[in-house]
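Inside the fold
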Amino acid sequence: MTSPQPAPALRVRPRVWIGLAVFLGYVIVVFIVGKLSGVPYTEMGRDGGTLFLGAGLMLIVGAILLAITASLLGWWRPALFDRKHGARWPIFVPAIMAVALVINLASTDWGSYDLGFFAASIVLMLVGFTEEMATRGLLLVGLRSRLHEGWVWFISSAAFALMHLTNALSGQDIGLTMTQVGMAFLGGTIFYILRRSTGTLIWAMVLHGLWDFSTFAVGHGTPGPLAALASPVFMLAGALGLIVVAFVIRGADERTDAPRPVANVASLA
């Protein structure tokens, strides 16, 4: 276990309502940008143009606004790094999800790709930064100002799941959307475990971005015979995540409610 790091000086004292406001603001902005693109959710990914306009553009706008927000609040460090990571061994859960990701990539019909779709798919990986920063980044910092770490995991994962309800407002079937919400809660739990096990959000951003890239990739063209295995492997990872998440929560001391002046932090170095 690494030794706890001194809390960084923050421009704005973390508050639950600020974290929630940033999260809701992100959801509203990307939804509006998505609607203005004119691409229904069901058409997103049909080709490179619909993928970029339907997803890539909103992610670029969201990434810029989240980066500006993190800078204005001074929350970059607590959003990206924990002072003390949790137990290491639960990292096997995101490792199982990574296996599902590899299955997706191995089952992708790469011959169906053109340059435009590939370029839009690369932009799509920004989702790892935007959605992680909005939920297990800035929202998490706000939640940690008052709540026990168990509630931090649950609320941040639930918020990540519920944000996918907007897909129904963009044309996706409500039944499919609810299934997506449930799977997103499992995915959120896996990403939370990865953050706590490594002490940083960066690896969760990487896994998240690659996961979304792989799911769009395997859905383009004719997937290979192993593609059907990815979903049950992911579900296994999610179920195990719900079992072991308590072990990365145990002993967490990541409260962010007491920003310290820069001079005080320096004197502790």
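Read on for a plain summary of the structure. (Residues numbered from 1 in each chain as written. Predicted model: local features only at pLDDT ≥ 70, side-chain atom pairs only at ≥ 80, totals over all residues. Heavy atoms only, no water.)

1. Remarks on the packing of helix 6 (residues 127–143) against helix 7 (residues 149–162)
- At a closest axis distance of 10 Å, the pairing of helix 6 and helix 7 adopts a crossing angle of 145 degrees. Crossing angle aside, the handedness with which helix 6 passes helix 7 is right-handed. Across the interface between the two elements, Glu 131, Thr 135, Arg 136, Leu 139, Leu 140 and Leu 143 from helix 6 touch Val 152, Ile 155, Ser 156, Ser 157, Ala 159 and Phe 160 from helix 7.
- Each residue belonging to the contact of helix 6 with helix 7 can be placed in one class, and the counts come to 7 nonpolar, 3 polar and 2 charged. (Axes fitted to C-alpha atoms, helices over the stretch in contact; angles between N-to-C directions. Helix = DSSP H or I, 4+ residues; strand = E, 2+ residues; numbered from the N terminus. Left-handed = near helix turned anticlockwise from the far one by under 90°. Contact = heavy atoms within 4.5 Å. Nonpolar A, V, L, I, M, F, W, Y, C, P; charged D, E, K, R; others polar.)

2. Points about the packing of helix 5 (residues 115–124) against helix 10 (residues 202–218)
- Where helix 5 meets helix 10, the closest approach of the two axes is 8 Å, and the angle between their N-to-C directions is 150 degrees. Comparing their axes, helix 10 and helix 5 come out roughly antiparallel. Both helix 5 and helix 10 take part in a crossing whose hand is right-handed. Taken together, the residues of helix 10 that come into contact with helix 5 (itself represented by Phe 117, Ser 121, Ile 122 and Leu 124) are Asp 212, Phe 213 and Phe 216.
- Within the contact of helix 5 with helix 10, the residues separate by chemical class into 5 nonpolar, 1 polar and 1 charged. (Parallel < 35°, antiparallel > 145°, perpendicular 65-115°, else oblique.)

3. Some remarks on the side chain of Ser 145
- With respect to the element layout, Ser 145 can be found in the loop between helix 6 and helix 7.
- By relative accessible area, which is 2% here, Ser 145 ends up buried. (Buried < 20%, exposed > 50% of the residue type's maximum accessible area, 1.4 Å probe, protein only.)

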